[in-house]
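Geometric and topological summary
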Amino acid sequence: MDFAPNTILAKKYKLVRRLGEGGMGCVWVADHLHLDRQVAIKVISNRVISEPSVRERFEIEARATAKVESPHVVQVLDYDYTEAGQPFLVLELLVGETLEQRLSREGVLSLNDARELMKQTTHALAEAHRLQILHRDIKADNLFIVAQDDLFVKLLDFGIAIRRDQPSIPDSALSVAELSPIGTPLYMSPEQTLALGPVDERSDLYSLAVCMYYALTGDFPFCADSLVVLAFAQQREDFTLPSIRRSELGPAIDSFFLRALSFRPEDRFSSAEKMNDAFAKACERRSEAPADATTFRPPPIRALAASMMRTEMKPRRRPRGAMMFLVAAGVAAAGFLVIPRSWLPEASPTISTAATYVATRIPEAQVSAAIEKTPALALERPGQSTSASMIA
């Protein structure tokens, strides 16, 4: 079915104008003819409507969004079919802008606004996770800031959500080992990036941590131009601490992100509530507690990844004199230095180097499979998203 302005759906919705188009469908502003109000209507694009998996995923989105009862999740008003049998989803029409648009317009968030963003988003995720629903695409384009005096956030787009307790739905085995990675690459958790096993709530929380880092600093913690290079960067856990980019954030905020962006899920926060509590405490004492690592500018990731593909590297102890020379050289050449936590005393949290990780934890076939898939995957940068949002 072709959709155009003035098209009537289900004898009660009149399409007014198109808002935008995403991977599976497009969103329209529509008049509810019986209630004299405007709504947002999401329909499946004609180019993919014939694919059964797309229709099934669309129905999953409708059920998942409707099931999560939170003021911070976009509200589902109806789910119906056109006369031709094409499904459509009716949502509340939101007035405002996405977080991505806010950041593009005003720059980074204040710490107070970031604290509210974290509180409200984790509220939405906590309810979704309680219902065994994983969002899998937390990003700045899917966090909507409603136009009102106080910051108020709505979580959008459960289009690739899955239910952990329903093995019959697509991808519900919670492993993406046989699929192209699902999500937005620069926000994806390592277990999504390289299909390192089942994903759970901590994958959503990792993506939220990336989103918060981006909102506070204006950049991503891990940047790359291909998926496999991004995966190596995530494995090394070396990123510029937020306080280096914005000194007022302080070491407590640094410590929060060192945990929230841990490579291993078991090293991250175990629930949305705990993550929110930790961020709130970090905001309160951001100038008090020291971070558990200093800043590190890693060597070029692409070169490192290539060298690891050629040979197995084993970590070795650096002589004190050699390490002091490297520190001095790094300060002189780079202007600042982040010391890998593996060089710190044993009492500090340790991380595996990428070499050790590749040699001991990632099966070679798994890395090879990721490399083979990489050319078809373009990493999305801010402002490049085509996600459709419910903006009036």
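What comes next concerns the included structure. (Residues numbered from 1 in each chain as written. Predicted model: local features only at pLDDT ≥ 70, side-chain atom pairs only at ≥ 80, totals over all residues. Heavy atoms only, no water.)

1. Here we look at the overall build of the protein
Basically, it comes down to this: The way it works is that DSSP assigns letters per residue, a run of H or I at least four long becomes a helix, a run of E at least two long becomes a strand, and they are numbered from the N terminus. Summary of the burial criterion: residues with accessible area below 20% of their type's maximum are buried, those above 50% are exposed, and those between are partly exposed, where the area comes from a 1.4 Å probe applied to protein chains only. Note on contacts: a residue pair is in contact if any heavy atoms of the two residues lie within 4.5 Å. Accessibility throughout is a Shrake-Rupley quantity obtained with a 1.4 Å probe, and a residue counts as covered only by protein chains that appear here.
Across its full length, the protein holds 13 helices and 11 strands. Per-residue burial over the protein gives 53% buried out of 392 residues. Sequence separation of 24 or more characterises 67% of the internal contacts of the protein that already satisfy a separation of 6 or more. Of the roughly 18,000 Å² of accessible surface on the protein, a fraction of 50% belongs to carbon and sulfur atoms.

2. Regarding the pairing of strand S9 (residues 143-146)
To be explicit about the condition: Two strands qualify as a pair provided that DSSP identifies no fewer than 2 bridges between them.
Here S9 shows a buried face lined by Leu143 and Ile145 and a second buried face lined by Phe144 and Val146. For strand S7 (residues 96-98) and S9, the ladder comprises three bridges, and the chain directions are antiparallel. By the bridge assignment, threonine 98 is partnered in S9 with phenylalanine 144. The sheet contact formed by S9 and strand S10 (residues 153-155) spans three bridges and is antiparallel. Looking at the pairing, leucine 143 lines up with leucine 155 of S10. The loop that links S9 with its antiparallel partner S10 comprises six residues.

3. Observations regarding the packing of aromatic side chains
Condition: Only Phe, Tyr and Trp rings take part, Trp by its six-membered ring, and two of them pair if their centres are within 6.5 Å. Stacked means planes under 30 degrees apart, edge-to-face means over 60, and tilted covers everything else.
Under the criterion given, the structure shown has 11 aromatic pairs. Their ring planes at 80 degrees and their centres at 5.9 Å tell us that tyrosine 13 and phenylalanine 88 sit as a pair that is edge-to-face. Here the residue tyrosine 13 occupies a position in strand S2 (residues 13-21), and phenylalanine 88 occupies one in strand S6 (residues 87-92), the gap between them amounting to 75 residues. On the basis of relative accessible area, phenylalanine 88 is assigned to the buried category, the value being 0%. Between tyrosine 79 and tyrosine 81, the aromatic rings sit 5.6 Å apart at their centres with planes inclined by 80 degrees, giving edge-to-face as the arrangement.

4. Some points on helix H9 (residues 272-284)
This is how it is decided: Take the residue count of a helix, subtract one, and multiply by 1.5 Å to get its expected span. Starting at the helix axis, one direction is taken to each C-beta atom, and the arc is that of these directions.
Spanning 13 residues, H9 covers 19 Å between terminal C-alpha atoms, matching the ideal 18 Å at 1.5 Å per step. Those residues of H9 lying buried are Ala272, Met275, Asn276, Phe279, Ala280, Ala282 and Cys283. Each buried residue of H9 sits inside an arc of 160 degrees when the element is viewed along its axis, so together they form one side. Turned more than 90 degrees from where H9 packs its buried face, Lys274, Lys281 and Glu284 sit exposed. Residues of H9 that are buried sit in contact with helix H3 (111-130), helix H5 (201-217) and helix H8 (250-260).

5. Quick look at the packing of helix H2 (residues 99-106) against H5
To keep things clear, this is the line we draw: In this description, a line fitted to the C-alpha atoms serves as the axis of each element, helices being fitted only across the stretch in contact, and the angle between N-to-C directions of two axes falls anywhere from 0 to 180 degrees. Here the word oblique covers every angle except those under 35 degrees (roughly parallel), over 145 (roughly antiparallel) and from 65 to 115 (roughly perpendicular). Left-handed describes a crossing in which the near helix is turned anticlockwise from the far one by less than a right angle; the clockwise case is right-handed.
Between H2 and H5, whose axes approach to 10 Å, the crossing angle comes to 20 degrees. Taken together, the axes of H2 and H5 are roughly parallel relative to one another. The handedness of the crossing between H2 and H5 comes out as left-handed. Here Leu99, Glu100 and Leu103 of H2 come into contact with H5, specifically with Cys211, Tyr214 and Ala215.

6. Section: the pattern of salt bridges
Formally: The salt bridge definition used is simple: a Lys or Arg side-chain nitrogen within 4 Å of an Asp or Glu carboxyl oxygen.
The final tally for this structure, using the stated rule, is 18 salt bridges. Here lysine 154 and glutamate 92 are joined by a salt bridge, their closest N and O atoms 2.9 Å apart. One end of the pair, lysine 154, is in strand S10; the other, glutamate 92, is in strand S6, with 62 residues separating them in the sequence. Note that arginine 202 is salt-bridged to aspartate 200, the shortest N-O span being 2.6 Å. Using a relative accessible area of 23% as the deciding quantity, one classes arginine 202 as partly exposed. Classification of aspartate 200 as buried rests on a relative accessible area of 15%. When salt bridges with common partners are traced through the structure, they connect Glu97, Arg102, Arg105 and Glu106 into a single cluster.

Function cannot be read off these values alone, since they describe shape.
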